[in-house]
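Residues per chain, in single letters:
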Amino acid sequence: MEVALSAGPGTPTRAPSAATPASADSNGATSSIPTTAALAAPDFVAVVESALADFFAARAATVEQLGPIFVEAAEALRLFVLRGGKRTRPAFAWIGWQGAGGDPDGDRGPAVTRACAALELVQACALIHDDIIDSSRTRRRFPTVHVDFEQRHRDRGWAGDSAQFGASVAILIGDLALAWADDMVHASGLDDAAIARFAPVWALMRTEVLGGQLLDIGGHAGGDESVEAAMRINRYKTAAYTVERPLHLGAAIADADPALVAAYREFGTDIGIAFQLRDDLLGVFGDPAVTGKPSGDDLREGKRTVLVAEALRRADATDPLAAKLLRTSLGTDLDADEVEHLRAVLTDLGAVDDVERRIAELTDRGLAAIETSSATASAKQTLRAMASAATRRTA
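In short, a report on the structure. (Residues numbered from 1 in each chain as written. Predicted model: local features only at pLDDT ≥ 70, side-chain atom pairs only at ≥ 80, totals over all residues. Heavy atoms only, no water.)

**A look at the packing of helix 3 (residues 68-82) against helix 8 (residues 162-186)**
The condition that has to hold: To get an axis, fit a line to the C-alpha atoms, keeping to the stretch in contact for a helix; angles then go from 0 to 180 degrees between the N-to-C directions. Helix numbers and strand numbers start at the N terminus; a helix is a DSSP run of H or I with at least 4 residues, a strand a run of E with at least 2. When an angle is under 35 degrees it counts as roughly parallel; over 145 it counts as roughly antiparallel; between 65 and 115 it counts as roughly perpendicular; any other value is oblique. The sense of a crossing depends on the near helix, which, turned anticlockwise from the far helix by less than a right angle, makes the crossing left-handed and, turned clockwise, makes it right-handed. Here a residue-residue contact requires only that any non-hydrogen atoms of the pair lie within 4.5 Å.
As a packed pair, helix 3 and helix 8 sit with axes 10 Å apart at the nearest point and diverge in direction by 65 degrees. If you check the angle between helix 3 and helix 8, you find them roughly perpendicular. The hand of the helix 3/helix 8 crossing is right-handed. Every residue of helix 8 that contacts helix 3 at Ile69, Phe70, Ala73, Ala74, Ala76 and Leu77 is listed here: Phe165, Ile173, Leu176, Ala177 and Trp180.

**Here we look at the nonpolar core**
What counts, and what does not: Among the buried residues, those of types Ala, Val, Leu, Ile, Met, Phe, Trp, Tyr and Cys that are joined through side-chain atoms within 4.5 Å form a nonpolar core. The classification of residues rests on relative accessible area computed with a 1.4 Å probe and restricted to protein chains. Under 20% of the type maximum is buried, over 50% is exposed, and intermediate values are partly exposed.
Leu77, Leu121, Ile173, Trp180, Trp202, Phe267 and Leu383 are the most contacted members of the largest nonpolar core, which has 79 residues in total. Contact partners of Phe267, with chain neighbours within four places excluded, come to Phe92, Val243, Leu247, Gly272, Gly366, Leu367, Ala369, Ile370, Leu383 and Ala387. Formed by 32 residues, the second largest nonpolar core is a distinct cluster that contains Met231, Leu277, Val345 and Leu349.

**Examining unusual backbone geometry**
Of note, Arg87 is a non-glycine position whose phi angle comes to about 60 degrees, a positive value. Position of Arg87 among the secondary structure elements: in the loop between helix 3 and helix 4 (88-99). In the Ramachandran plot, Asp255 falls in the positive-phi region, its phi being about 60 degrees despite a non-glycine side chain. Looking at the secondary structure, you find Asp255 in the loop between helix 10 (227-254) and helix 11 (258-285).

**Points about the packing of aromatic side chains**
We apply this condition: Aromatic pairing here means that ring centres of Phe, Tyr or Trp (its six-membered ring) are within 6.5 Å. Orientation follows from the plane angle: under 30 degrees is stacked, over 60 is edge-to-face, and everything else is tilted. For a lysine, the NZ atom is tested; for an arginine, the CZ atom; a charge sits over a ring if that atom is within 6 Å of the ring centre and within 35 degrees of the ring normal.
Under the definition given, this model contains 7 aromatic pairs. Taking 6.1 Å as the distance between ring centres and 75 degrees as the angle between the ring planes, the aromatic pair formed by Phe55 and Phe56 counts as edge-to-face. For Phe55, a relative accessible area of 7% gives the class buried. Grouping aromatic residues by their ring pairs yields a cluster made of Phe44, Trp94 and Trp97. Across the ring face of Phe142, the terminal group of Arg83 is positioned such that the distance to the ring centre comes to 3.9 Å. Directly above the ring of Phe149 sits Arg152, whose terminal nitrogen or CZ lies 4.2 Å from the centroid.

Structure, rendered in structure tokens:
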């Protein structure tokens, strides 16, 4: 399947669909869960990044008028957004539009692409602010935004506290990303009727992701160790704005019927939570060479994930010593041997198997919802591939 995409400088006008489609067997039948898939095909990623680059270029004159520090901030945001990423959210929005009858070869394709690409600016806001909240020093092997500006302040010998300056600038850069996400949608070329349908879903998505972040902070500070609390955070901090609402946004642009929207939302919630559960496992067991994160970093940060919550629930019932070890170890500067020991404890308690079971059940339920929906056959095929990529990934 091919789709018409926004053409920017050096950008092809046609590219593969948002995700690599599911493979076919020797009889030509498509398997329900492909063994390999990409969340977004390379050509689609390239077109999204071209749309983002064009947006930043269009803002250059305005940025210049505000002075050197704003130029630096805007350039830091541009580099952050364009440095890499799976472009998962635009891909789900794009296929949501196609699955609801959007014509990728029609005149609306470029405008829809630009509106979908704006989701990457919401993601940038979330990541920049999340790095401040988590006191993260690196992201994708580069200094985080607040660390970058902390160092710039220090190198220039400026007045005041360098760390405070870095955090302050990064907060504002994250805010700029969120504001520019709105600007990119309104400058996308969508017609007024599509914008009117799009806007309420966009508003809900922004509220949900901020609410999910607050739930995470509040739960950690308040010591809520329950699986239910961790699942609620996954629902709003990740699933809603990673899969569910992007699909919903694409459906809104296409003026989809309520039944398809409901199916998209069920699929999006289940696959989005499964996506985060896989991330929880990778945060403890992932290969640093693949994930780009230090091994066991989630344990050092003391993240109260479903994996940890389930382990604590089981340990409280059967192994008080393991429960004490987990509570006293999480959020501390663990060395490699201590990380390995905690991995063994999590595995022996059955928490890893429990999370794998949840991922499988959520994936099956999400796929069932989309299979019985009115989405186009090609969209169903692509969403199967994307579900597999999201829930079986290694990075």
